[in-house]
Amino acid sequence: MAGLAEAIGYEPRTAPGELALVHAFLNTWHADGPRERLESPERLRDWLVKRSLLAPAARVSVAEFEGVRRLRDGLRRLIGTPADGVAAAELEAINRLGRKMPLVVQFDAAGNPRLEPGGSGVQIAVARILAGIAAGRIEGTWPRLKLCRNVECQRIFYDTSKNHSAIWCSSQICGNRMHARAHRARAHRDGEA
Ligand SMILES: [Zn+2]
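We now turn to the structure provided with this report. Counting starts from 1 at the beginning of each chain's written sequence and moves along it residue by residue. Reporting of local features is limited, given that this is a predicted model, to residues whose pLDDT is at least 70; pairs of side-chain atoms are given and counted only at 80 or more, and all residues count toward the totals for whole chains, interfaces and linings. Processing note: side-chain calculations cover all non-hydrogen atoms of the structure and skip hydrogens and water entirely.

### Digging into the overall build of the protein
Counting from the N terminus, the helices are the DSSP runs of H or I reaching at least four residues and the strands are the DSSP runs of E reaching at least two. Check the secondary structure of the protein and you find seven helices and four strands. Ordered by position in the sequence, the α and β elements of the protein form the string α-α-α-α-α-β-β-α-β-β-α. Considered along the principal axes of its C-alpha atoms, the protein spans approximately 65 × 40 × 35 Å. Residue exposure (1.4 Å probe, protein chains only): buried if accessible area is under 20% of the type maximum, exposed if over 50%, otherwise partly exposed. Per-residue burial over the protein gives 38% buried out of 193 residues.

Here it is as structure tokens:
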């Protein structure tokens with residue numbers, strides 16, 4: 001029997017536009033394979049330099065490193081929690097970190113406004129990621145970033161299904177795994193009965 005994800009024609013995709021950077025940032029942690037990609041300030045620096053968000057000679061302090069990881073983890077929980085289920089304290093923790101990453105409104109020659117990062121060093125890099133979320137909100141793509149419900153995966157995926165109802169990053173991998181697990185659990189229960 002085809003899974004729900006197959007039935008709705010979902011296949012994994014990278015988020016479009018400026019949200020692609022946000023998508024990559026949120027998946028610097030997931031439960032499948034080596035979980036943590038940002039293990040140290042140096043690894044965070046390498047990640048940002050590779051994406052031209054930070055100068056190669058820049059330093060990342062331990063405090064900056066810890067702040068960036070907390071922000072990432074907070075955003076992951078925000079995505080994985082139903083809209084009305086986010087605790088006030090949790091939101092405040094995310095917003096406190098967000099306040100350290102300045103964004104300013106700037107206009108191009110055609111008069112179009114856009115959010116540009118302010119500050120310096122890591123601040124600019126992370127503010128650019130947050131600007132990607134703001135752009136995604138305007139374009140309607142941000143709500144399509146979701147947490148894969150396979151606990152052994154927990155990747156953030158971009159939901160391209162028609163009715164925004166995908167629950168796994170990949171129907172072939174996570175969807176099938178979860179179906180197999182549910183099947184085993186059922187067989188086990190039936191065996192006990
Ligand atoms: Zn998955």
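Once you've had a look at it, read on.
### Notes on the pairing of strand β1 (residues 103-107)
Being paired, for any two strands, means DSSP has found at least two bridges between them. Sheet topology note: the β1/strand β2 (residues 113-117) ladder contains five bridges and is antiparallel. In the strand pairing of β2, Phe107 is matched with Pro113. Linking β1 to β2, which pair antiparallel, is a turn of five residues; within it Gly111 sits at a positive phi near 85°.

### As for the environment of Phe25
The residue Phe25 is located in helix α2 (residues 19-26) in this model. The sequence separation of Phe25 and Arg37 amounts to twelve residues, and the corresponding C-alpha distance is 9.8 Å. Any pair of residues with heavy atoms lying within 4.5 Å of one another is described as a contacting pair. Setting aside anything within four residues of it in sequence, one finds Phe25 in contact with Leu38, Trp47, Val68, Arg72, Leu75 and Ile129.

### Regarding the coordination of the zinc ion
Keep in mind that water is not among the atoms, so a site may look incomplete; donors are the N, O and S atoms within 2.8 Å of the metal, or 3.2 Å for Na, K and Ca. Taken together, Cys148 (SG), Cys153 (SG), Cys169 (SG) and Cys174 (SG) make up the protein donors of the zinc ion, found 2.3 to 2.4 Å from the metal. Tetrahedral means four donors with every angle between 85 and 135 degrees, whereas square planar (four donors) and octahedral (six donors) require angles over 155 degrees between opposite donors and between 65 and 115 for all others; sites fitting neither are termed irregular. For the zinc ion, the four donor atoms in the first shell make angles of 102 to 122° at the metal, so the coordination geometry reads as tetrahedral. Every donor residue of the zinc ion comes from the same chain, spaced as C-x4-C-x15-C-x4-C. Comparing Cys148 with Cys153 shows no difference in burial state: the two are buried.

### Some words on the pattern of salt bridges
Here a salt bridge means any side-chain nitrogen of Lys or Arg lying within 4 Å of a carboxyl oxygen belonging to Asp or Glu. Counted under the stated rule, the structure contains twelve salt bridges. Here Glu36 and Arg72 are joined by a salt bridge, their closest N and O atoms 2.7 Å apart. Of this pair, Glu36 sits in the loop between α2 and α3 (41-50) while Arg72 sits in helix α4 (residues 62-80), placing them 36 residues apart in sequence. Here the two residues Glu36 and Arg72 agree in accessibility, since each one is buried. Note that Arg114 is salt-bridged to Glu116, the shortest N-O span being 2.8 Å. Each of Glu36, Arg69, Arg72 and Asp73 takes part in one network of salt bridges that share partners.

### Quick notes on a nonpolar patch on the surface
Taken together, the side chains of Leu103, Val105, Phe107 and Leu115 define a hydrophobic patch exposed on the protein surface, amounting to about 350 Å² of accessible area. Positionally, Phe107 belongs in strand β1. Candidates for patches are residues over 30% relative accessible area with no salt bridge; among them, like charges are joined within 9 Å and nonpolar side chains (Val, Leu, Ile, Met, Phe, Trp, Tyr) within 5 Å. Methods summary: accessible areas were calculated by the Shrake-Rupley approach with a probe of 1.4 Å, and residue burial reflects only the protein chains presented.

### Brief notes about the packing of aromatic side chains
Any two of the Phe, Tyr and Trp rings considered here, Trp counted by its six-membered ring, make a pair once their centres fall within 6.5 Å; the pair's planes then place it as stacked at under 30 degrees, edge-to-face at over 60, or tilted in between. For the structure shown, the criterion picks out one aromatic pair. Think of it as a cone above the ring: NZ of Lys or CZ of Arg counts as a charge over the ring if it is within 6 Å of the ring centre and within 35 degrees of the ring normal. Arg51 extends its terminal NZ or CZ atom over the ring of Trp47, reaching a point 3.9 Å from the ring centre.

### So, the nonpolar core
One broad rule of soluble globular proteins: the nonpolar side chains tend to lie buried together. By nonpolar core is meant a set of buried Ala, Val, Leu, Ile, Met, Phe, Trp, Tyr and Cys residues that side-chain atoms within 4.5 Å join together. Val22, Phe25, Leu26, Trp47, Leu75, Trp142 and Leu145 are the most contacted members of the largest nonpolar core, which totals 33 residues. Every element with two or more residues in this core is listed here: α2, α3, α4, α5 (88-98), α6 (122-139) and β4 (156-158). Sorting elements by how many residues they give to this core places α6 first, with seven residues. Not counting residues up to four positions away in its chain, the partners in contact with Trp142 are Leu19, Val22, Leu26, Ile79, Ile133, Gly136 and Arg137. Of all hydrophobic cores here, the second largest spans eight residues; its members include Cys148, Phe157, Ile167 and Trp168.

### Remarks on the packing of α2 against α6
Helices that pack against each other are described as a pair by the angle of their axes relative to one another and the distance between those axes. The geometry of α2 relative to α6 is characterised by a closest axis approach of 8 Å and an angle of 120° between their N-to-C directions. For the element pair α2 / α6, the angle class is oblique. Viewed along their axes, α2 and α6 form a crossing whose handedness is left-handed. Across from Leu19, Leu21, Val22 and Phe25 in α2, the residues of α6 making contact are Arg128, Ile129, Gly132, Ile133 and Gly136. A fitted line through C-alpha atoms serves as each axis, taken over the contacting stretch for helices, and the angle formed by two N-to-C directions is quoted from 0 to 180°. Our angle categories are set so that under 35 degrees counts as roughly parallel, over 145 as roughly antiparallel, 65 to 115 as roughly perpendicular, and the remainder as oblique. Definitions for this section: a left-handed crossing has its near helix turned counterclockwise from the far helix by less than a right angle. A right-handed crossing has that turn clockwise.

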